[in-house]
Amino acid sequence: MKYISTRGKAPAKTFTEILLGGLAPDGGLYLPEEYPQVSRAELDAWRSLSYADLAFAVLSKFITDIPADDLKGIVDKTYTPEVYRNARAGSDTAQITPLRTLEPGLHLLELSNGPTLAFKDMAMQLLGNLFEYVLDKQHAELNILGATSGDTGSAAEYAMRGKRGIRVFMLSPHGKMSAFQRAQMYSLQDANIYNIAVRGMFDDAQDLVKAVSNDHAFKSRHKIGTVNSINWARVSAQIVYYFKGYFAATTSNDQDVAFSVPSGNFGNICAGHIARMMGLPIAQLILATNENDVLDEFFRTGVYRPRGTENTYQTSSPSMDISKASNFERFVFDLVGRDAARVSRFWSRVDAGGEFDIKSTEYWDSLPEFRFASGSSTHADRLTTIRATWEKYGVMIDTHTADGLKVGLERRRPGLPLICLETALPAKFEETIVEALGRKPERPVGLESIENLPQRFEVMDKDVDQLKAYIAAHATSEHTAGS
Ligand SMILES: *Cc1c(COP(=O)(O)O)cnc(C)c1O
């Protein structure tokens, strides 16, 4: 299996060749040359597999340059119940992504039982083990540099902690994350994890990362890489749980289902799109946004109009507060019949701060074939949905999952079983839960007093030279040994 760029001007590469990189050299995103197809016989055989065996079956179709035994070992190590034990009482954690049925035909797929209580662990844990394996083979090292406002950074740190050959330099806005999020990240004592609290906002941290990444000499000298959401391996790992959720919610492969997906950068739902393209019977992919509705607008009107960061709202489902959806280009590539020249033209407008419109093209007529529906949600909707779910089913959900459930119920076709992806546990977003329910969410065992653990982080001004000096001082084996 080879991977090609959505902009059509980069050479095809294998899975491990694109694993450690980001964008393709032509500025596009990598996708498989063609989507592997899953036959009816395979679907029938996959129905009874454990999560790890299913992950191996699915990923084997995309990863053809890692020996099968090695891949099996990596997948088994990644998808073990010990890693995904932060579930609510009564969840069958042996399933890795247990399905919780609220009422017949309405389910939550629990994707947030991993170490950081958000679905990003599902992919990031695999990435950590793949990185370690590949770096070991190449006798190479990698210094991961990123900026986070919460979920992605902590998922990356928990996936990379203690891994040979890998260091993580994660920038976060000083004093701007919740006490729980700070505790999650800053309490890590692993020598290969460096938390840098930048005096400023998330955008300041992001600017610093961009400034360092634009210094190509520095970047290659210090082997700097990223783990952002456009990484293909992350998308591929997420395809697996669409299969797992489908099997758990149905009794035969003749049935259709709808998935509803709380969306920001379009990474999660992109995996659902690919699962459908492979042959999984998904009749509806329901995309839910919060007040930052750039994607809902596209599916309603045909116009993709990224907002500037100044027009991006801070909401109570913060992990969906995006101005543009970095994975969306993958879907558009398929929508336009994989016409890379067309994608390049669209994104030359987007990259210049503009927009594109498919309403007047033939692509608007083919959009329904892709089975998307969409809607958006507000803070008031989240409170109502969290309350209703608690009162009706005794199940506490987080703010992002509430966006998904609200839009899913609104847009699902009557009679279709609905599987709502649970993208975080309520414990992560205590403040809004208290606002909705007048009580605090339960914390998973062991995390009750995480705020009291000793914390380890470096406070820094928004100063590129200071950051570079810090990285240079810590990013070589000589310096980390014994530190
Ligand atoms: C990252 C995140 C999302 C958005 O997922 P995308 O793949 O960016 O669309 C939704 N909910 C939570 C809790 C997240 O952390």
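Look up a bit, the structure's there.
Since we're looking at a predicted model, the values are computed, not measured.

Colleague: Explain the site of the ligand here, please?
Modeller: Neighbouring the ligand are 15 residues; Lys 120, Asp 151, Gly 264, Asn 265 and Asn 268 lie closest to it. Here Asn 265 contributes a backbone N or O atom positioned 2.7 Å from an oxygen atom of the ligand. Taking 380 Å² as the accessible area of the ligand by itself, protein coverage stands at 97%. Here the residues of the shell around the ligand sort into five nonpolar, eight polar and two charged.

Colleague: Teacher, can you tell me more about the pairing of strand β5 (residues 142-147) here?
Modeller: Looking along a regular strand, one sees the side chains alternate between the two faces of the sheet. The buried count for β5 comes to six of six residues, which makes it a mostly enclosed element. A two-sided burial pattern is seen for β5, the buried positions comprising Leu 142, Ile 144 and Gly 146 on one face and Asn 143, Leu 145 and Ala 147 on the other. Bridging between β5 and strand β6 (residues 166-173) involves six bridges; their strand directions are parallel. Across the sheet, residue Gly 146 finds its bridge partner in β6, namely Met 170. You can see the chain leave β5, run along helix α6 (residues 151-160) and come back into β6, and the turn it takes is right-handed. Relative to strand β8 (residues 224-225), β5 runs parallel, the two being bridged by two bridges. Note on β8: the bridge partner recorded for Ile 144 is Gly 225.

Colleague: What is the right way to look at helix α5 (residues 120-138) in this model?
Modeller: Because an α-helix packs 3.6 residues into every turn, residues spaced three or four apart end up facing the same way. Under the 1.5 Å per step criterion, the end-to-end length of α5 is 27 Å for 19 residues, consistent within 8% with the ideal 27 Å. Of all 19 residues in α5, 16 are buried; the element is thus mostly enclosed. Following α5 by one or two positions, His 139 adopts a phi angle in the positive range, close to 50°.

Colleague: How do you make sense of the environment of Leu 447 when you look at a structure like this?
Modeller: Within the secondary structure, Leu 447 sits in the loop between α18 (430-437) and β15 (458-460). Since its relative accessible area comes to 15%, Leu 447 is described here as buried. Placed 20 residues apart in sequence, Leu 447 and Ala 427 show a C-alpha to C-alpha distance of 9.6 Å. The contact partners of Leu 447, leaving out residues within four places of it in the chain, are Asn 86, Leu 117 and Phe 180.

Colleague: What's the story with the packing of aromatic side chains in this structure? I'm lost.
Modeller: The way to describe two aromatic rings as a pair is by their centre distance and the angle between their planes. Applying the stated criterion to the full structure yields 30 aromatic pairs. Seen from their ring centres, Tyr 194 and Tyr 470 are 6.2 Å apart, and the 85° between their planes marks the pair as edge-to-face. Residue Tyr 194 is located in strand β7 (residues 193-198), and its partner Tyr 470 is located in helix α19 (residues 464-474); the two are separated by 276 residues in the primary sequence. Taking relative accessible area as the criterion, Tyr 194 reaches 4% and is therefore assigned buried. For the pair Tyr 242 and Phe 259, a centre-to-centre distance of 4.8 Å together with 65° between the ring planes defines the contact as edge-to-face. Placement of the pair is Tyr 242 in helix α10 (residues 232-249) and Phe 259 in strand β9 (residues 257-262), with a sequence separation of 17 residues. According to the relative accessible area criterion, Phe 259 is buried, its value standing at 0%. Among the aromatic residues, those joined into a cluster by ring pairs are Phe 266, Phe 298, Phe 299, Tyr 304, Phe 328, Phe 331, Phe 346, Trp 347, Phe 356, Phe 370 and Phe 372.

Colleague: I keep staring at the sheet that holds β5 and nothing clicks. Help me out?
Modeller: Across a sheet, strands are paired by hydrogen bonds formed along the backbone, either parallel or antiparallel in direction. What the five strands build is an open sheet, ordered β8-β5-β6-β7-β15; its pairing is parallel. Unpaired on one side and paired on the other, β8 and β15 mark the two borders of the sheet.

Colleague: Quick question: what am I supposed to make of the environment of Arg 456 here?
Modeller: Residue placement: Arg 456 occurs in the loop between α18 and β15. Sequence separation between Arg 456 and Ala 258 is 198 residues, and the spatial gap between their C-alpha atoms is 43 Å. Residues within four places of Arg 456 in sequence aside, it is in contact with Tyr 186, Leu 188, Gln 189, Asp 190, Ala 191, Ile 193 and Asn 195. A polar atom in the side chain of Arg 456 sits 3.2 Å from the backbone oxygen of Asp 190.

Colleague: It is not clear to me how the pairing of strand β14 (residues 418-422) should be interpreted in this structure. Could you clarify?
Modeller: For β14, the tally of buried residues reaches five of five residues, placing the bulk of the element in the interior. Residues Leu 418, Cys 420 and Glu 422 point to one face of β14 and Ile 419 and Leu 421 to the other, with burial holding for every one of them. Where strand β4 (residues 106-110) and β14 come together, five bridges link them in parallel fashion. Each residue of the ladder has a partner; that of Leu 108, found in β14, is Cys 420. The pairing of β9 with β14 spans three bridges and is parallel. Bridging across to β14, Ala 258 finds its partner in Leu 418.

Colleague: Please explain the sheet that holds strand β13 (residues 372-376) as it appears in this structure.
Modeller: Read from one edge to the other, the open sheet built from six strands follows the order β3-β4-β14-β9-β10-β13, with strand pairing classed as mixed. Two strands close off the open sheet at either side, each with one partner strand: β3 (99-103) and β13. With strand direction ignored, the average angle separating the axes of adjacent strands in the sheet is 25°. By the bridge criterion, four bridges tie β3 to β4 in an arrangement that is antiparallel. Opposite Arg 100, over in β4, you have Leu 108 as the bridge partner. The strands that helix α17 (residues 399-411) touches are β4, β9, β10 (282-289), β13 and β14; relative to β10, the one it contacts most, it runs at about 130°.

Conventions used here
- Residues numbered from 1 in each chain as written.
- Predicted model: local features only at pLDDT ≥ 70, side-chain atom pairs only at ≥ 80, totals over all residues.
- Heavy atoms only, no water.
- Near = heavy atom within 4 Å.
- Polar contact = N/O pair within 3.5 Å; in protein donor to acceptor, adjacent residues only side chain to side chain.
- Areas by Shrake-Rupley, 256 points an atom, 1.4 Å probe, with all protein chains shown as cover.
- Nonpolar A, V, L, I, M, F, W, Y, C, P; charged D, E, K, R; others polar.
- Buried < 20%, exposed > 50% of the residue type's maximum accessible area, 1.4 Å probe, protein only.
- Helix = DSSP H or I, 4+ residues; strand = E, 2+ residues; numbered from the N terminus.
- Pairing = 2+ DSSP bridges.
- Right-handed = clockwise from strand over helix to strand, strands pointing away.
- Expected span 1.5 Å × (residues − 1).
- Contact = heavy atoms within 4.5 Å.
- Phe/Tyr/Trp six-rings, centres within 6.5 Å; stacked < 30°, edge-to-face > 60°.
- Axes fitted to C-alpha atoms, helices over the stretch in contact; angles between N-to-C directions.

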